[in-house]
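Listed here are the chains, written in short residue letters.
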Amino acid sequence: MVTLEDVARQAGVSLATASRVLNGSTRQVGSALRARVERAADELGYRPNSAAQTLARGASNVIGIVVHDLTDPYFAALADGAIGAAAGEGLLVMVGTTHRDPEQEIAYVATLHAQRVRAVLLAGSRVTDQQVTARLAAELAKYQAGGGRVAVVGQDLLGVDTVAPANYEGAAALARSLAGLGHTRFAVLAGPPHLMTAADRCAGFVTAVKELGLPEPLVVPGPFDRDGGYAAARRTGAATCVFAVNDVMAVGALAAYREQGIRVPQDVSVAGFDDIATLRDLVPALTTVRLPLKDMGARALELALSAGESVTVDQVPGQVVLRESVADLRA
């Protein structure tokens, strides 16, 4: 049986473009590309799938959002931004959480495809396992071939529209700011090394510190959550400044130091990454790298509903926010 993939290959276009032409999408395709796709379909004897045509025309008013952990304020803020934007478009949202299991993420995409949702948003880090990433990309391609739309918040590795936070650059900027305050002995609560967000933030920080000619930071791996930060904080040795690669880990570290009678920032300084909303009530206020999380979720939905022919990648810079959890040692 002739498939849409066969038509796309014959015409020399992407699956998404072939789908838009043959499944009746409202998104515009240039006349030259349209002619190539239609000619290839005629030559191969391709017949469109009626269910795919329904999806491509946007009959479904449901968006699927898949996140790693809804208890993490980072993902809650991303989802909230996307849900708010969806409501403005008269769309309903289904949310699923994978608990950072990449197999669950692939299963969610397959399920949402079967349910014919209009678009799928994936929010979360990719992993270093290239085979897993390739399988997820293949599942997304099947969904797109049927007229579905996809956008991702995370690394640009899936060949789809992406909102990509500048994790490496943000962590490097933070390292330079902390060194500028006189800190020289650093530790990094690095999270799991297979998680690319954690690895990128750790690498950015460590590289910047080394480029400044300072001693290489102590790197302490662990889970990417509050308890991971709590446990890792007990292994930071003689560091005077500790960087946790996300804010929830930093919150765990603050709790661990408080229980040990270690004062922040008098005895040790602590910094995080993300600027989650719950930091507003934290004492001492946490130094961090701010990402516009709700805006990122809304932008991902906008990309998923857009009519662009080419893949869009939006790089989102982080802003260093210095607060009371970091001491200024220059005095």
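This structure is a prediction, so every number in the text was calculated from the model and none was measured.

**A short note on the overall build of the protein chain**
Stage number 1. Counting its secondary structure elements, the protein chain contains 12 helices and 12 strands.
Stage number 2. Over its C-alpha atoms, taken along the principal directions, the protein chain stretches across nearly 75 × 35 × 30 Å.
Stage number 3. For the protein chain, buried positions account for 53% of its 331 residues.
Stage number 4. The contacts of the protein chain with a sequence gap of at least 6 include a subset with a gap of at least 24, amounting to 75%.
Stage number 5. For the protein chain, the accessible area works out to roughly 14,200 Å², and carbon and sulfur atoms hold 52% of it.
Stage number 6. For the protein chain, the separation between the mean place of its 30 positive charges and that of its 34 negative charges on side chains is 2 Å.

**Observations regarding the nonpolar core**
Stage number 1. Of all hydrophobic cores here, the largest spans 90 residues; its most connected members are Y74, L121, L122, F205 and M296.
Stage number 2. Counting residues in hydrophobic clusters, the runner-up holds 14 residues, among them A8, A11, L22 and A145.

**Notes on the pairing of strand β2 (residues 92-97)**
Stage number 1. In the sheet, strand β1 (residues 62-67) pairs with β2 via six bridges, with the strands oriented parallel. By the bridge assignment for β2, I63 is matched with V93.

**Overview of helix α8 (residues 167-180)**
Counting along an α-helix, one turn takes 3.6 residues, and residues three or four places apart therefore face a common direction.
Stage number 1. Taking 1.5 Å of rise per residue, the 14 residues of α8 would be expected to cover 20 Å, and the 20 Å separating its terminal C-alpha atoms lies within 8% of that figure.
Stage number 2. Within α8, burial applies to N167, G170, A171, A172, L174, A175, L178 and A179.
Stage number 3. One or two positions beyond α8, positive phi appears at G182, with a value near 105 degrees.

**Notes on the sheet that holds strand β8 (residues 241-244)**
Stage number 1. Taken in spatial order, the four strands make up an open sheet running β7-β6-β8-β9, and their pairing is parallel. One side of each edge strand has no neighbouring strand; the edge strands of this open sheet are β7 (218-221) and β9 (269-271). In this sheet, adjacent strand axes meet at a mean angle of 20 degrees when their direction is disregarded.
Stage number 2. The sheet contact formed by strand β6 (residues 186-191) and β7 spans four bridges and is parallel. Residue L189 lies in a different strand from β7, and its bridge partner there is V220.
Stage number 3. Docked against the sheet, α8 engages β6, β8 and β9, running at close to 165 degrees with respect to β8.
Stage number 4. Contacts between helix α9 (residues 196-211) and the sheet are confined to β6, β7 and β8, with β6 contributing the most and set at about 165 degrees to the helix.

**Some points on the packing of helix α1 (residues 4-11) against helix α2 (residues 15-22)**
Stage number 1. Closest axis-to-axis distance for the α1/α2 pair is 9 Å, and the angle between their directions is 105 degrees. Put simply, α1 runs roughly perpendicular to α2. Here L4, E5, V7 and A8 of α1 lie close against α2, whose contacting residues are L15, A18, S19 and L22.
Stage number 2. Counted by class, the contact of α1 with α2 contains six nonpolar, one polar and one charged residues.

**Focus on α9**
Stage number 1. The end-to-end C-alpha distance of α9, which contains 16 residues, comes to 22 Å, matching closely the 22 Å that a straight helix rising 1.5 Å per residue would cover.
Stage number 2. Among all positions in α9, only T197, A198, R201, C202, G204, F205, V206, A208 and V209 are buried.
Stage number 3. Where α9 is buried, its residues touch α5 (73-88), α8, β6, β7 and β8.
Stage number 4. Positive backbone phi, at 80 degrees, marks G213, one or two positions downstream of α9.

**Describing the state of the cysteines**
Stage number 1. A complete count under the given rule lists zero disulfides for this structure.
Stage number 2. Counting only cysteine sulfurs, C202 is the nearest neighbor of C241, a cysteine outside any disulfide, at a range of 14 Å.

**A short note on unusual backbone geometry**
Stage number 1. In this structure, P265 follows V264 across a cis peptide bond, with omega equal to 10 degrees.
Stage number 2. Cis geometry marks the peptide bond from V283 to P284; its omega dihedral reads 0 degrees.
Stage number 3. Along the polypeptide, P284 turns up in the loop between β9 and β10 (288-290).
Stage number 4. The phi dihedral of R116 falls on the positive side, at around 60 degrees, and the residue is not glycine.
Stage number 5. Of note, R116 is situated in the loop between α6 (102-114) and β3 (119-123).
Stage number 6. Backbone geometry places D274, a non-glycine residue, at a positive phi of 130 degrees.
Stage number 7. For D274, the position within the fold is in the loop between β9 and β10.
Stage number 8. The exposure class assigned to D274 is buried, which follows from its relative accessible area of 3%.

The rules we used
- Residues numbered from 1 in each chain as written.
- Predicted model: local features only at pLDDT ≥ 70, side-chain atom pairs only at ≥ 80, totals over all residues.
- Heavy atoms only, no water.
- Helix = DSSP H or I, 4+ residues; strand = E, 2+ residues; numbered from the N terminus.
- Buried < 20%, exposed > 50% of the residue type's maximum accessible area, 1.4 Å probe, protein only.
- Contact = heavy atoms within 4.5 Å.
- Areas by Shrake-Rupley, 256 points an atom, 1.4 Å probe, with all protein chains shown as cover.
- Lys, Arg positive; Asp, Glu negative; His and termini not counted.
- Charge placed at Lys NZ, Arg CZ, Asp CG, Glu CD.
- Core = buried A, V, L, I, M, F, W, Y, C linked by side-chain atoms within 4.5 Å.
- Pairing = 2+ DSSP bridges.
- Expected span 1.5 Å × (residues − 1).
- Axes fitted to C-alpha atoms, helices over the stretch in contact; angles between N-to-C directions.
- Parallel < 35°, antiparallel > 145°, perpendicular 65-115°, else oblique.
- Nonpolar A, V, L, I, M, F, W, Y, C, P; charged D, E, K, R; others polar.
- Disulfide = S-S within 2.5 Å.

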